Amino acid sequence: MASFTNVNRALDRYLQTVHYTTISRTTVDFEETLTPTVTIIKAVVQPANPEKLNVDQIDWSLKYRLIHSNQPLVMGDYVRHDGIEYKLIAPSDWSDYGYYRAIGEEVKGDLV
């Protein structure tokens, strides 16, 4: 088994408190109900490098953020940073190195 360096501690001084939201969907009598669950996590949030985004699939009118956390980041979940919601669109598992990474796309309007 390979031995990897845990770089999680390198992120410590840049960690910020953010709101992490998951949306649960339940259906009762053919009526779908969406229930948000918000937890507080620590993450490093920075502007995403436009050159590294897939230019054919992004909406240039939206903001994109690169998010690093020691907690798993799941596609379709949301991170709220500086009053803006970002939908996680490209998560990456870097847990061998002590963190998870995702690209967040700005959300216009309400989550639910």
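Small disclaimer: the values here were computed from a predicted structure and weren't measured.

The rules behind the values
Residues numbered from 1 in each chain as written. Predicted model: local features only at pLDDT ≥ 70, side-chain atom pairs only at ≥ 80, totals over all residues. Heavy atoms only, no water. Phe/Tyr/Trp six-rings, centres within 6.5 Å; stacked < 30°, edge-to-face > 60°. Core = buried A, V, L, I, M, F, W, Y, C linked by side-chain atoms within 4.5 Å. Buried < 20%, exposed > 50% of the residue type's maximum accessible area, 1.4 Å probe, protein only. Helix = DSSP H or I, 4+ residues; strand = E, 2+ residues; numbered from the N terminus. Contact = heavy atoms within 4.5 Å. Lys, Arg positive; Asp, Glu negative; His and termini not counted. Salt bridge = Lys/Arg side-chain N within 4 Å of Asp/Glu carboxyl O. Polar contact = N/O pair within 3.5 Å; in protein donor to acceptor, adjacent residues only side chain to side chain.

## Here we look at the packing of aromatic side chains
And then number 1: Summed over the entire model, instances satisfying the criterion amount to two aromatic pairs.
And then number 2: Pairing Trp-94 with Tyr-97 gives two aromatic rings, centres 5.8 Å apart and planes at 45 degrees, and the pair type is tilted.
And then number 3: Ring pairing ties together the aromatic residues Trp-94, Tyr-97 and Tyr-99, which thus form one cluster.

## Concerning the nonpolar core
And then number 1: In this structure, Val-18, Tyr-20, Ile-41, Ala-43, Val-45, Ile-67, Leu-73, Val-79, Leu-88, Tyr-100 and Ala-102 together form the largest nonpolar core, which totals eleven residues.
And then number 2: Listed by contribution, the elements that provide at least two residues to this core are β1 (16-28), β2 (31-47) and β7 (99-106).
And then number 3: Among the elements that take part in this core, β2 stands out by supplying three residues, more than any other.
And then number 4: When near neighbours in sequence (up to four residues on either side) are disregarded, Leu-73 contacts Tyr-20, Ile-41, Ile-67, Leu-88, Pro-91, Tyr-100, Arg-101 and Ala-102.
And then number 5: Listed in part, the seven residues of the second largest apolar core include Ala-48, Ile-58, Tyr-64 and Ile-103.

## Describing the side chain of Asp-77
And then number 1: With respect to the helices and strands, the residue Asp-77 is situated in the loop between β3 (64-69) and β4 (78-81).
And then number 2: At 8.9 Å, Arg-25 is the nearest oppositely charged side chain to Asp-77, a buried residue that forms no salt bridge.
And then number 3: Separated by 2.7 Å, the side chains of Asp-77 and Tyr-20 make a polar contact.
And then number 4: In this structure Asp-77 touches Tyr-20, Thr-21, Thr-22, Tyr-86, Lys-87 and Leu-88, once residues within four positions along its chain are discounted.

## Things to note about the environment of Glu-105
And then number 1: When you line up the elements, Glu-105 lands in strand β7.
And then number 2: Along the backbone, Glu-105 and Lys-63 are 42 residues apart, and their C-alpha atoms lie at a distance of 6.2 Å.
And then number 3: Sequence-distant contacts of Glu-105, that is, excluding residues within four places in its chain, are made with Asp-59, Leu-62, Lys-63, Tyr-64, Glu-85, Tyr-86, Lys-87 and Ile-89.
And then number 4: Within the local environment of Glu-105, its side chain forms a polar contact with the side chain of Tyr-64, the two groups lying 2.6 Å apart.

## Quick notes on the pattern of salt bridges
And then number 1: In total, this model carries two salt bridges according to the counting rule given.
And then number 2: Two residues, Glu-85 and Arg-80, come together in a salt bridge whose shortest N-O distance is 3.1 Å.
And then number 3: Classification of Arg-80 as partly exposed rests on a relative accessible area of 33%.
And then number 4: Of the charged contacts, one joins Lys-108 and Glu-106 as a salt bridge, the two residues approaching to 3.5 Å between their closest N and O atoms.
And then number 5: The class of Lys-108 is exposed, set by a relative accessible area of 58%.

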